[in-house]
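# Chain and residue survey
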Amino acid sequence: MIKAILIFNNHGKPRLSKFYQPYSEDTQQQIIRETFHLVSKRDENVCNFLEGGLLIGRSDNKLIYRHYATLYFVFCVDSSESELGILDLIQVFVETLDKCFENVCELDLIFHVDKVHNILAEMVMGGMVLETNMNEIVTQIDAQNKLEKSQAGLARAPACAVSAVKNMNLPEIPRNINIGDISIKVPNLPSFK
Amino acid sequence: MMGGVARGRGHILCEGKSKEAEIKRINKELANIRSKFKGDKALDGYSKKKYVCKLLFIFLLGHDIDFGHMEAGYLFISVLVNSNSELIRLINNAIKNDLASRNPTFMCLALHCIANVGSREMGEAFAADIPRILVAGDSMDSVKQSAALCLLRLYKASPDLVPMGEWTARVVHLLNDQHMGVVTAAVSLITCLCKKNPDDFKTCISLAVSRLSRIVSSASTDLQDYTYYFVPAPWLSVKLLRLLQCYPPPEDAAVKGRLVECLETVLNKAQEPPKSKKVQHSNAKNAILFETISLIIHYDSEPNLLVRACNQLGQFLQHRETNLRYLALESMCTLASSEFSHEAVKTHIDTVINALKTERDVSVRQRAADLLYAMCDRSNAKQIVSEMLRYLETADYAIREEIVLKVAILAEKYAVDYSWYVDTILNLIRIAGDYVSEEVWYRVLQIVTNRDDVQGYAAKTVFEALQAPACHENMVKVGGYILGEFGNLIAGDPRSSPPVQFSLLHSKFHLCSVATRALLLSTYIKFINLFPETKATIQAVLRAGSQLRNADVELQQRAVEYLTLSSVASTDVLATVLEEMPPFPERESSILAKLKRKKGPGAGSALDDGRRDPSSNDINGGVEPTPSTVSTPSPSADLLGLRAAPPPAAPPASAGAGNLLVDVFDGPAAQPSLGPTPEEAFLSPGPEDIGPPIPEADELLNKFVCKNNGVLFENQLLQIGVKSEFRQNLGRMYLFYGNKTSVQFQNFSPTVVHPGDLQTHILSGPAQPPASRPASPGRPSSSWRSWLTQLAVQTKRVAAQVDGGAQVQQVLNIECLRDFLTPPLLSVRFRYGGAPQAFTLKLPVTINKFFQPTEMAAQDFFQRWKQLSL
């Protein structure tokens, strides 16, 4: 089972974190920090598996990671997963991101964190690998995008809510609500040095 | 992020007392949100989130808001909510509707949500529905896929909630499904379920084998989308091979034949030239290969395949991919335990040693060390042990102790002659003295004591080792003990004559800790017996002010008593009292136990007991049992009885009994065993339930029998230091709690409880009124706890928060009111990063801390002594 999926950049700024076991937010932050320290000090051509890490690496958990340009993709898994299999899964994930964003870069992960979460949800569900077929994943994501567009999607969720509010028989009916481009950003967490 | 929701709800709920008020409040809130979105464009990310969360919450409360698309809602839930949130109850209703909707998109989303939250409450609500969806004929593939994993997740979270039933048989048939994604999900589910109920899922073996064989024999293009870099369905193959590892080899010959064929095909394919130069291609291929090898090792019945697997791993050992070298070493470790392939594994010894020496990656080096340990037998023990010793000099600090333990075990297990064993252990102490735990050097003393043939050699070797200008304290301990017992064997040589031996040992004396000095004092008195000519010198040393008036009561007492013993007793009495130690009774090596403890329950068994080495009979199992040791009590894990030795309670001159020394030394070691059994500790009155002491508690306590200051306990989070002083029946102890992390501990509460209370009550019949001591003025009476007749300990509460890196101090005032056997318990509880931590230690307060020397005429003493012996 996959215990957690973390993505952070070369400076330790988290870009995505998904935990499949409940941890408090403080612990999550510590885990990210600790993982970054463990992973970032390793050379480029050592192996992609490592044990250790006090918080999440305990017992039989392993960290399996890959380093792409500015980003580290780290999967924390238990012994029931094949190491090389997970390594390939990371590759599939990255290739899927690449297909969905066309030349994915760190900025895509920052500005479309919802999409990244959607893609991840198509691949990994509750810590178990759901789908490994890239085409299937991309098809699903495209379908979702279409659905979103037709229903005005997440990006305009507040707008929809507001329109709902409009219809709630409130005394004052607003006109011409201009919300602009609302996208949800990852808060700028301090980098871990 | 949750903060937003919680706050939003907080606002609404505090004020929304009635239905109308709630609606009013919501309207107000909505108006507010609307104006926020309308008003200034420059809304920051946090506020947007907050308002969307609020809207989400209002929606969940059942108000009619078309909240964008529901997917947005689900995404929020999966991102924001973890499994212990109160919101779940509200969410459940929404999910229920979606599950019943028959729209695959909605159903999938709902299943995703259940799996991502995965709480017990979710399980209670949906565990019964999901199997139905999973096996329903009309469910879409994607729904089945999600349902299988969702069920798996719920099963893992709370197995009791998932009802087994007729659906199990139908789940197995999902292995035949057309859709590869469904099969993959189903295999994951079955692999988990069949561990609990192997018989229910037995039919999956043949289905899995036929599926596997279809994949393995397919051309790389057959499976289209599920072909990954020219490898057909690697994930599914890996999962199937994992599933097969849950069962013994198939009984049906046809199925077995087909499986063996598959395994051979995979091994053959590994030899074929790669279809692509991409690393992903070889990765995927090797993922299957390693799983295949695991299965072959698991079956352990096909010598032919085992040897092929071994050769394949041998190739990988020299592969340029670090990942493959790592995995090959790891797999070989398990392979080494198979008797068919043990010899084949041994042929790779040079490669593995080379890996240990040259590998740049510490993870790989550690695997290499593990493998060397696993492949060791009598034929290569010397080579392996010497390589590991060499590696120890440069090894990473984190793994040194483990390597020390492994070397010690191998050296003992495969020793052909014991002089080699002694050399090895002494080398170990020389190279990595700090990492040599008590178990290791106790064991060498045990073996030397029990084997006549090695005693002379041991004495000579330690004597030489001690001549090094700087030697580790553990070396001094071993040296002191061995020379005290067997120094006479080398006394004939003028270079190691008795005075030389003594002055050599005494030159180290002043640099050593109290425990070592106590041991050396015992050595000195043994010297008086062995070499009468050193008597005057040694008596002068004992008589010196620094010994007789030593601040440490233990040293002082030893000096006083040994001095008296040497001057009062006749040579005969001395010879009896200070006789050579009798051989130790045979018992399981405590080092092995320690290694198991260190590696955790899973890893330990794979490393040692899992070995099936046909050549290792128990010739080397340890020390041969000797029948003459009737009088030696065997303290459970304590080798010498020395570490817990309090001063002999009476001048031994009076003792005619030959084994007095043994008794004296062993007595206290038995003390921990009189300590609280878990039940007693549990029943004992205390402010809260005190758990049983941690397993190391006795060990930690014993360190403090002869010393007053030091580190009582240390783990990754917390360090507890002790400083204490005792005078007559009073003692004061300072406990220092150091937070080793960078995070604050919350609800930090150390409490002291004395487990002896209850025992005393029961033993002393009718409960006496608690001997409540009047609180003396100036002492905070609130924290007074008087322990009836034994110990009174007064403490002050410490701050409930301990900042990261900070240290807090707690003072205990201790008064000994009566003799006692069990030390008080210190229970430490705190929260670290939300997780509660609790453990119980034994406080280093033992009866000997309150001992006072006293003068007594021989006549009086004998009178008392006879009374004592009943």
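Parameters and conventions
Residues numbered from 1 in each chain as written. Chains lettered and ligands numbered in written order. Predicted model: local features only at pLDDT ≥ 70, side-chain atom pairs only at ≥ 80, totals over all residues. Heavy atoms only, no water. Helix = DSSP H or I, 4+ residues; strand = E, 2+ residues; numbered from the N terminus. Buried < 20%, exposed > 50% of the residue type's maximum accessible area, 1.4 Å probe, protein only. Contact = heavy atoms within 4.5 Å. Areas by Shrake-Rupley, 256 points an atom, 1.4 Å probe, with all protein chains shown as cover. pLDDT = per-residue confidence, 0-100. Pairing = 2+ DSSP bridges. Axes fitted to C-alpha atoms, helices over the stretch in contact; angles between N-to-C directions. Core = buried A, V, L, I, M, F, W, Y, C linked by side-chain atoms within 4.5 Å. Patch = residues over 30% accessible without salt bridge, like charges linked within 9 Å, V, L, I, M, F, W, Y side chains within 5 Å. Salt bridge = Lys/Arg side-chain N within 4 Å of Asp/Glu carboxyl O. Arc of directions from axis to C-beta.

Helix and strand content of chain B: 38 helices and 11 strands. Scored against the burial criterion, the 870 residues of chain B give a buried share of 55%. Put simply, of all contacts in chain B between residues at least 6 apart along the chain, 70% involve residues at least 24 apart. In the form shown here, chain B has an accessible surface area of approximately 37,500 Å², with 53% of it arising from carbon and sulfur atoms.

Helices and strands together make up the secondary structure of chain A, namely six helices and seven strands. Going residue by residue from the N terminus, the α and β elements of chain A occur as β-β-α-β-β-β-α-α-α-β-β-α-α. A burial count over chain A gives 58% of its 193 residues as buried. For chain A, the exposed area adds up to about 8,200 Å²; of that, 49% sits on carbon and sulfur atoms.

The next point concerns the confidence of the model for chain B. Residue and element names in this part refer to chain B. Mean pLDDT over chain B stands at 74; residues scoring 70 or higher make up 73%. The lowest-confidence element of chain B is helix 34 (residues 660-670), averaging 34 in pLDDT; the highest-confidence one is helix 13 (residues 234-244), averaging 91. Overall, residues 600-688 carries pLDDT values under 50, and its contacts beyond four positions in sequence, including any with other chains, amount to 173 contacts. Considering only residues more than four positions removed or in separate chains, one finds that residues 757-788, a stretch of pLDDT under 50, has 40 contacts. On the interface metric, ipTM, the complex scores 0.77, and its pTM is 0.62.

Residues and elements named next belong to chain B. Across the sheet, three strands lie side by side as 6-10-11; this open sheet has antiparallel pairing. Looking at the sheet topology across the chains shown, the edges are occupied by strand 6 (745-753) and strand 11 (835-842). Direction aside, the axes of adjacent strands within the sheet are offset by 10 degrees on average. Across eight bridges, the pairing between strand 10 (residues 825-832) and strand 11 is antiparallel. Paired with arginine 831 across the two strands is proline 836, which belongs to strand 11.

Right, let's get into the environment of Ala69(A). Residues and elements named next belong to chain A. Structurally, alanine 69 is set in the loop between strand 4 (62-68) and strand 5 (71-77). Judged by its relative accessible area of 70%, alanine 69 is exposed. Put simply, alanine 69 and asparagine 10 are 59 residues apart on the chain and 8.5 Å apart in space, counted from C-alpha to C-alpha.

Let us now look at the pairing of strand 4 of chain A. All names here are of chain A. In terms of burial, strand 4 is a largely internal element, five of the seven residues being buried. Bridge analysis of strand 4 against strand 5 gives seven bridges, and the strand direction is antiparallel. Bridge pairing in strand 5 links lysine 62 to valine 77. The turn linking strand 4 back onto strand 5 is made up of two residues, and alanine 69 within it adopts a positive phi angle of 40 degrees.

What follows is about helix 4 (residues 113-123) of chain A. Buried residues dominate helix 4 of chain A, accounting for eight of its 11 residues. Those residues of helix 4 of chain A that sit buried are Val113(A), Val116(A), His117(A), Asn118(A), Ile119(A), Leu120(A), Glu122(A) and Met123(A).

Moving on to the nonpolar core. Of all hydrophobic cores here, the largest spans 234 residues; its most connected members are Ile2(A) and Leu428(B). The element contributing the most residues to this core is helix 11 (residues 180-196) of chain B, with 11 residues. For Leu428(B), the residues in contact, after removing those within four places along its chain, are Leu389(B), Leu392(B), Val404(B), Val407(B), Ala408(B), Gly433(B), Val436(B) and Val440(B). With 36 residues, the next largest nonpolar core counts Ile694(B), Phe713(B), Phe839(B) and Leu843(B) among its residues.

Residue and element names in this part refer to chain B. The grouping of Phe862, Trp865 and Leu868 at the surface amounts to a nonpolar patch, some 300 Å² of accessible area in total. As for its placement among the helices and strands, tryptophan 865 is situated in helix 38 (residues 858-868). Looking at tryptophan 865, the relative accessible area reads 31%, which means it is partly exposed.

All names here are of chain B. Looking at where valine 478 falls in the secondary structure, it is placed in helix 26 (residues 473-486). According to the relative accessible area criterion, valine 478 is buried, its value standing at 0%. Valine 478 sits 52 residues away from leucine 426 along the chain, and the two C-alpha atoms are 8.8 Å apart. Contact partners of valine 478, with chain neighbours within four places excluded, come to Leu426, Ile429, Trp441, Val444, Leu445 and Val462.

Further remarks concern helix 29 (residues 535-543) of chain B. Residue and element names in this part refer to chain B. Within the sequence span of helix 29, burial applies to Ile538, Gln539, Val541 and Leu542. Down the axis of helix 29, the sector holding all buried residues measures 160 degrees, keeping them to one side. Residues of helix 29 that are buried sit in contact with helix 27 (498-509), helix 28 (514-530), helix 30 (545-548) and helix 31 (553-568).

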